[in-house]
Amino acid sequence: MGELQFQPDLLDEVAHRMDLREPNRKAIESVVLRTSDHYDVQSKTEPYECIVDSATGVGKTYVMAGLMEYLAGAEAPVRNFLLLAPGRTIRDKSVRNFTAGNPNSLRHLLRSNPIVITADNFDTQATRIAMDDPTVTKLYIFTVQALTSSTGEGRATHEPQENLGMSFFEYLSRLDDLVILADEHHCYRGPAFSRTIRDLKPQLVVGMTATPVKADESMVAFRYPLAAAIADKLVKTPVMVGRRDDRSDIETKLLDGVNLLRYKAQAADAYCNESDRPSVKPVMLVIARNIEEAEEFHAVLDSNTFDNGAWVGKTLLVHSKLTGENKEKALADLNAVEDPDSPVRIIISVGMLKEGWDVKNVYVIASMRASVSEVMTEQTLGRGMRLPFGKYTNIEILDTLEVLAHEKYSELLEKRKVLNEAFIDYGTYAEVRQLPDGSAVVRQKTVEADVDVFASSNVASAEAADASQGSRVADGRVSPLGSAALAAAAGGTTIVDVETRTREAAEVAKKTSTLVNYEPLSDRESIIIPKLTSEPQYVAVSLNEIDDYRPFEQLGRTLTLDYSAELKRTKIVATHDGRKAVVTTEATTDKIASALPFDIPLPASREALLRRIIKVKGVQNRPLEVGAAVRIVDHLIEAMGDKAEEHLSVFGDRCGQRLAVEVSKVLHAASQAQVTYSDDVQLIALSKTRETRKLQINGHADGSFDKAIAFGGWSKNLYSHAWFDTSLEFKAANAIDDDDAVIVWARLHINDVPITWTSGGRQYNPDFVVIEEENGKRLGWLVETKADKDLTSDEAIAKRKAAKRWANTANSSPDVDTAWSYLLVGEQDVEDAQGSWKFLRGFGK
């Protein structure tokens, strides 16, 4: 038996660079360990085939890309990868995923830099050159039909190719490092696929699926079930919604769906606006059992009598019998449904939306007449489980997928156990185990999911929650966690009646779109801030500080080139070659300059340029400065060459303007941040009203940051809630609020403490003001957070200098009894402080 081959440092590097979710990292590790165990430990020779069973929406594409990066970067690198797709839709999506320039492309994350080879380019000479290069990573992307059969779609890959000297299929079979990534593996397993694998003789076959067939259970190397993905908040939480009454007509059910959709859209708009995110437009997927049903639903939704015509022109009908232009348009509209400009808000489907349609903005699924047990399959749920914002928003209706059931609410409660039994509730992964003899072996570990897909609870508790309107907190406000989330958090159910759910959605939508005002808390000590009046001082700078004349020489050459083009004319020349007349054109400057009404000698133009320099803001008209200006002008004219007199005569004013701009740029750094303050110092209490439309939550301690949230629960903040632009600010605020010495603090807004940092009067406001007491002395801090890469920028240095000048000036006033300081901290400072304000103070600048 040989030794296990595994490079954990390489996997860590790949996972960090690609920002892999932990389950995806674990999937790659399991495949690598299982493969090495197969070949290196057990010394088997047949191709190793395994399955990664990961819940829809967790990121199987990232697993494939990450595995390719690991194997391509290993000590014995793999250079040939074959990605198989069950059909053209997934094939084309995969090509986009690995091609630069596409919105969802992973190309920028890949150091292996694979060349993508498809049915469209595998037979070209350029591709052949790449295929023969052993240093180039190749990613072949084909449908499974293109390789499993020598007829139809597979004819081209099985016929001999002149540039290969064999068929493409045979070429692949001769590769000694072929790795096959079989996407949606469950779609095409069987004798034909098995025969193809035998004929291709790959080194490794990895099947990717969320729903493996039972016959392949022994091949599962990694499993991450939907229940675990929900618990880890990597996908939306499904919420089954049923009616308490007996109404089951089509219009009522569709109205239930569009009401939820409308409120979700309002919340999404507010969230995107508050967090500066691209717009996300929620859509509803209506599932019909047949085309007749689908057309019936479409007729209702697309009529002026339903919901006042709100959905006319916004409904897309998709089914398998669409043909010609209707089919092409429907598919194009379907693929564009995530585009904010798409008019589609409701999609009616008859079994056509399967694997490959991976949009993230499906927020409501309406089963209409189908039993919930038919709809609650992972394939169907998968169409709506992906997170449009990449993570949970803490706005519950934006983190859930509502499934409108055909059954009544009471019937759904009775079916919970049956529904949960349809979902796998355990995961599995490979791990390395050290034996007493020192050897390392691979073992498969099984773990149970912490929760059910539809968490169980007794009906009485659910009814009690309904009766008390469980989504309300003690002060009567609506919690951002609705009844479904509150119940689930307490071990409760994710089944709710439509009336409760609609009310919750409406209240959250209203809350996220309402302007909320926050006043300073009466039980917090006031923050008294010195108000200083700045007096910008414009400093006279010397041209003698300039010792690099290359910018002016470059300007001279540029001016000559720019304005030469304006002196050209095109002359038509006719000649005769003995047989026919030949007409040609030539560019000339002849007579152009002489025709212009300018005849300015070079010394006069030179003098005009000198005057332009002396007029630059901050330059003094003194003999020594004039001498320096002469040197600048001489360098400029010399660079213009023998046409200087002509060009300056014609375009002197424009050349002078350009020269003045260049001189200003060179002197700019020396003239910044020259600011003083008047002796008049006023003490002003920070009392401004804060207002925002951001969703408020009552806590902040879990460390989960979101730009669209107004966080509460502070013990030292002057205001009840605060919101932040970056996670860095959020972490710093937590450290400040937790310190015993801090008396009060506030997140500063525009014009709270304006600090002038340039002679031109530009101002900025630090991020925080902090008041603390140390050894009986009152200390005041203005705190600014910056990304590490910006800490040493000219702007950051100038602002820090100005802020320290502000603090020194404030401390010089006999009326100020607080000792003020300025603190600039970066990302590493905040990280190293580990939540301690005292350490953060010490690390800052």
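Rules used throughout
Residues numbered from 1 in each chain as written. Predicted model: local features only at pLDDT ≥ 70, side-chain atom pairs only at ≥ 80, totals over all residues. Heavy atoms only, no water. Axes fitted to C-alpha atoms, helices over the stretch in contact; angles between N-to-C directions. Helix = DSSP H or I, 4+ residues; strand = E, 2+ residues; numbered from the N terminus. Parallel < 35°, antiparallel > 145°, perpendicular 65-115°, else oblique. Left-handed = near helix turned anticlockwise from the far one by under 90°. Contact = heavy atoms within 4.5 Å. Buried < 20%, exposed > 50% of the residue type's maximum accessible area, 1.4 Å probe, protein only. Expected span 1.5 Å × (residues − 1). Pairing = 2+ DSSP bridges. Phe/Tyr/Trp six-rings, centres within 6.5 Å; stacked < 30°, edge-to-face > 60°. Lys NZ or Arg CZ within 6 Å of the ring centre and 35° of its normal. Right-handed = clockwise from strand over helix to strand, strands pointing away. Core = buried A, V, L, I, M, F, W, Y, C linked by side-chain atoms within 4.5 Å. pLDDT = per-residue confidence, 0-100. Nonpolar A, V, L, I, M, F, W, Y, C, P; charged D, E, K, R; others polar.

Thoughts on the packing of helix α23 (residues 602-614) against helix α24 (residues 623-640)
Part 1 of the reasoning: For the pair α23 and α24, interaxial distance at closest approach is 9 Å and the crossing angle is 125°. Here α24 runs oblique to α23, going by the angle between their axes. The chirality of how α23 crosses α24 is right-handed. Two secondary-structure elements touch here, α23 through L602, R606, L609, L610, I613 and I614 and α24 through E625, V626, A629, V630, I632, V633, D634, L636 and I637.

Observations regarding the environment of V663
Part 1 of the reasoning: You can see V663 is positioned in helix α25 (residues 644-667).
Part 2 of the reasoning: Under the relative-accessibility criterion, V663 is labelled buried at 0%.
Part 3 of the reasoning: Taking the C-alpha atoms as reference, V663 lies 9.9 Å from R612; in sequence the two are 51 residues apart.
Part 4 of the reasoning: Those residues in contact with V663 that lie beyond four places of it in its chain are L543, F552, I613 and V616.

Things to note about helix α3 (residues 60-73)
Part 1 of the reasoning: For α3, spanning 14 residues, the distance from its first C-alpha to its last is 20 Å, which sits close to the expected 20 Å at 1.5 Å a residue.
Part 2 of the reasoning: Along α3, twelve of the 14 residues are buried, which leaves the element largely enclosed by surrounding structure.
Part 3 of the reasoning: Within α3, burial applies to K60, T61, V63, M64, A65, G66, L67, M68, E69, Y70, L71 and A72.

Side note on the sheet that holds strand β15 (residues 400-408)
Part 1 of the reasoning: Spatial ordering of the open sheet is given by β12-β13-β11-β14-β15-β10-β18, a layout of seven strands whose pairing is parallel. Edge positions in the sheet fall to β12 (315-319) and β18 (495-497), since each has one partner strand and no second. Ignoring which end each strand starts from, the neighbouring axes of this sheet average 25° apart.
Part 2 of the reasoning: The sheet contacts of helix α20 (residues 498-513) involve β10 (237-243), β15 and β18, and relative to β18 the element is tilted by about 90°.

Describing the packing of aromatic side chains
Part 1 of the reasoning: Tallied over the entire structure, the rule returns 19 aromatic pairs.
Part 2 of the reasoning: Aromatic ring contacts, followed pair by pair, group F705, F711, W714, F724, F730, W745 and F768 into a single cluster.
Part 3 of the reasoning: Across the ring face of Y363, the terminal group of K236 is positioned such that the distance to the ring centre comes to 4.7 Å.
Part 4 of the reasoning: Sitting over the ring of W757, K799 keeps its end group 5.4 Å from the ring centre.

A look at the pairing of strand β32 (residues 819-826)
Part 1 of the reasoning: Most of β32 is tucked away, with six of its eight residues classed as buried.
Part 2 of the reasoning: In terms of strand pairing, strand β31 (residues 777-786) meets β32 through eight bridges, oriented parallel. Bridging from a neighbouring strand, K786 pairs with G826 of β32.
Part 3 of the reasoning: Each parallel crossover has a hand, and for β31 linked through helix α27 (residues 794-811) to β32 it is right-handed.

Considering the nonpolar core
Part 1 of the reasoning: L67, L71, F81, F98, V206, I347 and V362 are the most contacted members of the largest nonpolar core, which totals 68 residues.
Part 2 of the reasoning: For this core, the leading source of residues is α3, giving eight residues.
Part 3 of the reasoning: Ranked by size, the runner-up nonpolar core spans 65 residues in total, among them Y271, V280, L779 and V830.

Some remarks on the sheet that holds β32
Part 1 of the reasoning: Read across the sheet, four strands follow the order β27-β30-β31-β32 without closing on themselves; strand pairing throughout is mixed. Of all the strands in the sheet, the pair left with one neighbour each is β27 (742-747) and β32. Sheet twist, expressed as the mean angle between neighbouring strand axes with direction ignored, is 20°.
Part 2 of the reasoning: In terms of strand pairing, strand β30 (residues 768-774) meets β31 through seven bridges, oriented antiparallel. By the bridge assignment for β31, F768 is matched with V783.
Part 3 of the reasoning: Sheet strands in contact with α27 are β31 and β32, and its direction is about 165° off that of β32.

Description of unusual backbone geometry
Part 1 of the reasoning: Unlike most non-glycine residues, D276 shows phi in positive territory, near 55°.
Part 2 of the reasoning: Its place among the elements puts D276 in the loop between α11 (250-275) and β11 (283-287).
Part 3 of the reasoning: Since its relative accessible area comes to 60%, D276 is described here as exposed.
Part 4 of the reasoning: At N751, a residue that is not glycine, the phi angle is positive and equals roughly 70°.
Part 5 of the reasoning: Here N751 falls in the partly exposed class, since its relative accessible area comes to 46%.

Topic: the confidence of the model for the protein
Part 1 of the reasoning: Of the residues in the protein, 84% have a pLDDT of 70 or more, and the chain-wide mean is 83.
Part 2 of the reasoning: The low-confidence segment residues 484-493, where pLDDT is below 50, has 22 contacts with residues more than four positions distant or belonging to other chains.
Part 3 of the reasoning: For residues 565-574, every residue scores under 50 in pLDDT, and the model assigns this stretch 32 contacts once sequence neighbours within four places are set aside.

Considering the packing of helix α1 (residues 8-18) against helix α2 (residues 22-41)
Part 1 of the reasoning: Direction vectors running N to C along α1 and α2 enclose 150°, while the axes themselves pass 11 Å from each other. Relative to α2, α1 is oriented roughly antiparallel. Crossing of α1 over α2 shows right-handed handedness. Residue-level contacts link L11, D12 and A15 of α1 to R25, I28 and E29 of α2.
Part 2 of the reasoning: Counted by class, the contact of α1 with α2 contains three nonpolar, no polar and three charged residues.

Remarks on the environment of I600
Part 1 of the reasoning: Position of I600 relative to the elements: it lies in the loop between α22 (592-595) and α23.
Part 2 of the reasoning: The partly exposed category is assigned to I600, whose relative accessible area is 33%.
Part 3 of the reasoning: In this structure, the C-alpha to C-alpha distance between I600 and V650, residues 50 residues apart in sequence, is 8.1 Å.
Part 4 of the reasoning: When near neighbours in sequence (up to four residues on either side) are disregarded, I600 contacts S605, E645 and S649.

Some details on the environment of F193
Part 1 of the reasoning: Position of F193 relative to the elements: it lies in helix α9 (residues 191-200).
Part 2 of the reasoning: By relative accessible area, F193 is classed as buried at 3%.
Part 3 of the reasoning: With 49 residues separating them along the chain, F193 and V144 place their C-alpha atoms 7.9 Å apart.
Part 4 of the reasoning: If sequence neighbours within four positions are ignored, F193 has contacts with E49, L84, V144, T148, A182, H185 and Y188.

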